[in-house]
Amino acid sequence: MPRILAATLAVALSWTGLATAQVPDVEIPYESFELENGLTVVVHEDRKAPVVAVSIWYGVGSGSEPAGSTGFAHLFEHLMFNGSENYNDDYFGPFEDVGATGMNGTTWFDRTNYFQTVPTPALEMALWMESDRMTHLLGAVDQERLDEQRGVVQNEKRQGDNQPYGMVSYSRLRALFPEGHPYAHSTIGSMEDLDAASLEDVQEWFRQYYGASNAVLVLAGDINAEEARPLVERYFGDAPVGPPLNRIESWIPERRYSTTETLYDDVPQSRIYRTWVVPGRITAERADLQLFATVLGGGRTSRLYQDFVFGRQVATSAFAYVEAHQLASQFHIQVTLNPGEDVDAASARIDEIVAELLAEGPTDEELETAQTRINAGVVRGLEQIGGFGGKAVTLAEGALYANDPAFWRTHLERLNNATPDSITETANDWLTTGSHEITVLPFGDYASVETDADRSALPVVASTPELAWPTVETGELSNGVDIVFVRRDAVPVVEMQMVFDSGYAADSVEGGELGLTSFTMNMLDEGAGRMDATDIAARAESLGANLSTGAGLDTASVSLSALRTNLRPSVELMATIITDPSFRDEDIDRVRSQTLNGIQQEMANPISIALRLLPPEMYGDGHAYSVPFTGSGTPEAVSGFMRDDLLAHQATWLRPDNATLFIVGDTTLDEVTPILERAFRNWRAPSTPLPAKNLAEASNGDSARVIIVDRPNSPQSLILAGLIGPSGSVDNPEVYSAMNDAIGGSFSARVNMNLREDKGWSYGARTLLWGARGQRPWMVYAPVQTDRTTDSLSELLREFGEFTSSNPATPDELERSVNNNTRSLPGQFETAAAVRNSLVSSQNLGRDWNFPATLTARYHGLDLDEVRAAAQEVVNPEQLVWLIIGDAAEIEAGIRELGMGDVEVRRMGQ
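Residues numbered from 1 in each chain as written. Predicted model: local features only at pLDDT ≥ 70, side-chain atom pairs only at ≥ 80, totals over all residues. Heavy atoms only, no water.

(A) Representation of the overall build of the protein chain within the structure. Helix and strand counts for the protein chain stand at 32 helices and 26 strands. In summary, the protein chain has a C-alpha radius of gyration of 38 Å against a globular reference of 29 Å for 910 residues, an excess of more than 25%. A principal-axis box enclosing the C-alpha atoms of the protein chain has dimensions of 110 × 70 × 70 Å. Per-residue burial for the protein chain yields a buried fraction of 53% across its 910 residues. (Helix = DSSP H or I, 4+ residues; strand = E, 2+ residues; numbered from the N terminus. Rg over C-alpha atoms; globule rule 2.2 N^0.38 Å. Buried < 20%, exposed > 50% of the residue type's maximum accessible area, 1.4 Å probe, protein only.)

Next up, the structure:
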């Protein structure tokens, strides 16, 4: 049999140390016992009235909700009032019949409780009802009741959200608690999660948390333990025990910085909320912080109230308090300002008041007043046996949270033994940083007015802005470096890019290794001259310069963005990494490891896999573009790179007679040339000739081919296809651009509108002409859901076939392309870097420097027949090389049935 633990406590509170507090002695005698099923029972006898408070607390709240189930604890609380298996009706009826008072239920982070105060003759009925829903609930909960209470809770949420300042708590919890913390979401939950709650969730929740071993039952009033025990055993003895529950005991997030947030609401006054996360409800620190909060903002004599409301009269309310919870509590300050008051000034004044109290601590008089105020509130609350407060709640909280029904006395002793020094020390430990401040501002008295806008049709854009192209100057350094210069003085910045005619395409030259160009360029800023990588980065930062290196298909480059005031030292830093790289073995090993890891990442990414595998299949052996378009090379090649390889690549390609320096910014050619001459004075071209990249004309295959790269269990297939298109340096690139815009080069193009907008099989699909000096790849890109791979391929083939036959480019498609490409020109070249990039592109493709300025006339001169002829030339689905990365077990059979061409299946990594 369970052992009765009699613990009649006569608590005589003498409030030692209080000079002015006159608090009467308070007694809360209680006895506690535990049933065999683990139910904890606490009984307090109070015969002043023939009523008994029945309060049952379950150790479960919104903090127990898993991700995707927010709001469920509170939803379940509502279901508990809808009837049980043996009283399948509204729970309130019998209690209203017997005159019950203080009846309700509540949910918060750590607990869910149910309570009512009934006349003594109705006690047995109340125990029957409470035990029936603890023991026999699920049979009475059906889908109709779940849906009904879901709607009630959602309306409760709407009602709360609709209140002034009603959205603050959501933002505050998100800011204060990290993802995964039990307190990171509100108890009311989200609409989406409430909608997702199922009957299965209800059953699991009940079995998990509503067992007797996870509950505390308190009976307070006209009863004693001897009378209570047989009743409790009769009605609760058969309640399921419930599973053992693991609990987090404390989790106070570490917040090293204070944060701020501004919200707007339909409110008449601005309000400032400031909150810190502090220790939990049963800690000693809570008592010190509660006293600090009372001195700071606990009443009309508090510092905040005296300053904001009485003194300067800039606010209607100002207070502070501690919101206590088990894992962590919250220390709140809230100030509601008068209309028109400066919120920044108010926040600064809060800083000052808090800082003063943290520095000085409370006076003896303030401490005594705070202790008296808290003691008086506790004593007045204990007059009542039930309801939302009172003795039943006090005993239940102690039993549930501290395993001690008399914990309330421990907390009061801590409060009354606190000193100004202990309070100040604790407050400084927790309130000096890490707060989150939310300022809620009135949205404003705005109103829409009637206008004369004509909504019957879009306004006509009748003109195209002209692109004003800047004057381009050219020059040459004494070592042979060509200079292309444009002055732009909008900001005191100079953009430079030293461009070498190499790129990934140089890797295919005899003696080169795949990935060597990118590897060498990545090594330039890892050490140069007497500097290591850290020194280079620190030097660039000290100058306010941005320095970067990299490579593309046709070129490699070193870029510099320099402040005009630091132009000379910035150029010298750039010159050092170009002309005097260290290529130390330890740096090579580090970059090699990073590169190999990057290649492994590429081999796990469908897009990168396709860009590695597709170009060699299109261009064949020996062509300069028959390289991975990621530029990273192969693991075999990268693993073998040595210092001599990098030095040889540098000597072969990174030389003055293979370089052009593009400069756009706030300087002049005359001013910058001497700076460049000095910086690059020791850089000279070798006597060896420049190698030639093989950009000979390549041909597409006679028939289409399909390569399936097996990626088991992939939820999506990546379709990438390509064929060799026209050279990037053709005289009429706008024709091919307009053609591609129509079929797949824009959001509104045919391919995307089909697979994304009409079918919903893809997030986005497109075609593109890859930028290149030689023959450009025309490529198809379409990531699609696995079960629609075959259907998507069929649609792509249909679109391409119709585009070159029965449904060629239309006048509307041409007009849309012309308008977009011409009207966007001024916006494209707003920045100095954009102008510089255009000049780099013009050189690479053999165009005049002012080529962008000719585009408007070129596009307006387009003929629809030219565009259709370009489609006939480029879009040849019967020659495409298809690379499809996905689950071969799911897609191979369907692809073969389409008869697109020879099908090859490769495994990942081949």
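(B) Focus on the side chain of serine 557. Tracing the sequence through the fold places serine 557 in strand 19 (residues 556-563). Residue serine 557 is classed as buried on the basis of its relative accessible area, which comes to 12%. Engagement of the side chain of serine 557 in a polar contact is seen with the side chain of glutamine 497, the distance being 3.1 Å. Setting aside residues no more than four positions away along its own chain, serine 557 makes contact with Gln497, Met498, Val499, Met521, Ser548, Thr549 and Gly550. (Polar contact = N/O pair within 3.5 Å; in protein donor to acceptor, adjacent residues only side chain to side chain. Contact = heavy atoms within 4.5 Å.)

(C) Broad picture of a negative patch on the surface. Where like charges cluster on the molecular surface, the negative patch consists of Asp89, Asp90, Glu96, Asp97, Asp142, Glu144 and Glu148. Residue assignment for the negative patch shows that the elements contributing at least two residues are helix 2 (92-98) and helix 4 (143-161). Mapping aspartate 90 onto the fold places it in the loop between helix 1 (72-79) and helix 2. Taking relative accessible area as the criterion, aspartate 90 reaches 37% and is therefore assigned partly exposed. (Patch = residues over 30% accessible without salt bridge, like charges linked within 9 Å, V, L, I, M, F, W, Y side chains within 5 Å. Areas by Shrake-Rupley, 256 points an atom, 1.4 Å probe, with all protein chains shown as cover. Salt bridge = Lys/Arg side-chain N within 4 Å of Asp/Glu carboxyl O. Lys, Arg positive; Asp, Glu negative; His and termini not counted. Charge placed at Lys NZ, Arg CZ, Asp CG, Glu CD.)

(D) How the structure looks around the sheet that holds strand 23 (residues 766-769). Pairing is mixed in the open sheet, where six strands are placed in the order 23-24-22-25-21-26. At either margin of the open sheet sits one strand with a lone partner, and together these are strand 23 and strand 26 (902-907). Within this sheet the neighbouring strands show an average axis-to-axis angle of 20 degrees, counted without direction. (Pairing = 2+ DSSP bridges. Axes fitted to C-alpha atoms, helices over the stretch in contact; angles between N-to-C directions.)

(E) Local environment of the pairing of strand 12 (residues 436-442). Taking burial as the measure, the seven residues of strand 12 include six buried ones, the bulk of the element. Here seven bridges tie strand 8 (residues 259-265) to strand 12, and the two strands are oriented parallel to one another. Paired with threonine 262 across the bridge in strand 12 is threonine 439. Bridge count for strand 9 (residues 271-278) against strand 12 is five bridges, and the pairing is antiparallel. Its bridge partner lying in strand 12, arginine 274 is registered against glutamate 437.

(F) Molecular detail of the environment of alanine 370. As for its placement among the helices and strands, alanine 370 is situated in helix 12 (residues 364-381). Judged by its relative accessible area of 3%, alanine 370 falls in the buried class. Expressed as a C-alpha distance, the spacing of alanine 370 and alanine 293, which sit 77 residues apart in the sequence, is 9.0 Å. Excluding residues within four positions of it along the chain, alanine 370 makes contact with Leu291, Thr294 and Val295.

(G) Quick peek at the pattern of salt bridges. Counted according to the given criterion, the structure contains 47 salt bridges. With a closest N to O distance of 2.8 Å, arginine 655 and aspartate 657 form a salt bridge. A relative accessible area of 2% means that arginine 655 is categorised as buried. Measuring nitrogen to oxygen at the nearest pair gives 2.6 Å for the salt bridge that ties arginine 798 to glutamate 795. On the criterion of helical spacing, the pair formed by arginine 798 and glutamate 795 is a turn pair, its members being three residues apart in helix 26 (residues 789-803). The network of salt bridges with shared partners includes Asp307, Arg312, Arg349, Glu352 and Glu356.

(H) Structural view of the confidence of the model for the protein chain. For the protein chain, the mean per-residue pLDDT works out to 91, and 97% of the residues sit at or above 70. The low-confidence segment residues 1-24 (pLDDT under 50) makes 58 contacts with residues lying over four places distant or belonging to another chain. (pLDDT = per-residue confidence, 0-100.)

(I) Up close: unusual backbone geometry. Of note, the phi angle at tyrosine 165 is positive, near 65 degrees, even though the residue is not glycine. Considering the arrangement of structural elements, one finds tyrosine 165 in the loop between helix 4 and helix 5 (168-176). Despite not being glycine, glutamine 313 shows a phi value in the positive range, around 55 degrees. Within the secondary structure, glutamine 313 is located in the loop between helix 10 (303-311) and strand 10 (315-323).

(J) Molecular detail of the sheet that holds strand 18 (residues 546-551). The six strands lie next to each other as 13-14-20-15-19-18, forming an open sheet whose pairing is mixed. The open sheet terminates on both sides in strands that have one partner only, identified here as strand 13 (473-476) and strand 18. For this sheet, the mean inter-axis angle between neighbouring strands, taken without regard to orientation, is 15 degrees. Where strand 15 (residues 493-500) meets strand 20 (residues 659-665), seven bridges bridge the pair, whose relative direction is antiparallel. Bridge assignment links valine 499 to a residue of strand 20, and that residue is threonine 660. The strands touched by helix 16 (residues 516-523) within the sheet are strand 18 and strand 19, with strand 18 carrying the most contacts at an inclination of about 165 degrees.

(K) Representation of the packing of aromatic side chains. For the structure on display, the rule yields 30 aromatic pairs. Between tryptophan 108 and phenylalanine 109 the ring centres are 6.3 Å apart and the planes differ by 20 degrees, which places this aromatic pair in the stacked class. Accessibility expressed as a relative area gives 3% for phenylalanine 109, which makes it buried. Through pairs of rings, three or more aromatic residues link up here, namely Tyr58, Phe76, Phe81, Tyr91, Phe92, Phe95, Tyr114, Phe206 and Tyr210. Its end group placed over the ring of tyrosine 165, arginine 271 keeps NZ or CZ at 3.7 Å from the ring centre. (Phe/Tyr/Trp six-rings, centres within 6.5 Å; stacked < 30°, edge-to-face > 60°. Lys NZ or Arg CZ within 6 Å of the ring centre and 35° of its normal.)

(L) Main features of the environment of serine 169. Along the chain, serine 169 falls in helix 5. What makes serine 169 partly exposed here is its relative accessible area of 28%.

(M) Structural detail: the pairing of strand 9. The element strand 9 is extensively covered by neighbouring structure, given that eight of its eight residues are classed as buried. Across eight bridges, strand 9 lies against strand 11 (residues 329-337) in antiparallel orientation. In the strand pairing of strand 11, valine 277 is matched with glutamine 330.

(N) Summary view of helix 20 (residues 606-619). With 14 residues, helix 20 ought to run about 20 Å at 1.5 Å a step, and its terminal C-alpha atoms sit 21 Å apart, in line with that. All buried positions along helix 20 are accounted for by Ser608, Ile609, Ala610, Leu611, Arg612, Leu613, Leu614, Pro615, Met618 and Tyr619. Residues of helix 20 that are buried in the fold lie against helix 19 (585-602), helix 21 (635-639), strand 21 (705-710), strand 22 (716-727), strand 24 (775-785) and strand 25 (881-886). Between the side-chain oxygen at the start of helix 20 and the backbone nitrogen of isoleucine 607 there is a gap of 2.9 Å, and the oxygen is on asparagine 605. Downstream of helix 20 by one or two residues, glycine 620 has phi in the positive range, about 80 degrees. (Expected span 1.5 Å × (residues − 1).)

(O) Spotlight on helix 23 (residues 669-679). Listed as buried for helix 23 are Leu669, Val672, Ile675, Leu676 and Ala679. Along the long axis of helix 23, the arc covered by the buried residues comes to 130 degrees, so they all point the same way. The inward-facing, buried residues of helix 23 contact strand 13, strand 14 (482-487), strand 15, helix 18 (567-579) and strand 20. (Arc of directions from axis to C-beta.)

(P) Broad picture of the packing of helix 9 (residues 284-297) against helix 11 (residues 343-360). Viewed as axis vectors pointing N to C, helix 9 and helix 11 meet at an angle of 130 degrees, and their least axial separation amounts to 11 Å. Taken together, the axes of helix 9 and helix 11 are oblique relative to one another. By crossing handedness, the relation of helix 9 to helix 11 is classed as right-handed. Where helix 9 abuts helix 11, its residues Phe292, Val295 and Leu296 lie against Ile353, Val354, Leu357 and Leu358. For the contact of helix 9 with helix 11, the per-class residue count stands at seven nonpolar, no polar and no charged. (Parallel < 35°, antiparallel > 145°, perpendicular 65-115°, else oblique. Left-handed = near helix turned anticlockwise from the far one by under 90°. Nonpolar A, V, L, I, M, F, W, Y, C, P; charged D, E, K, R; others polar.)

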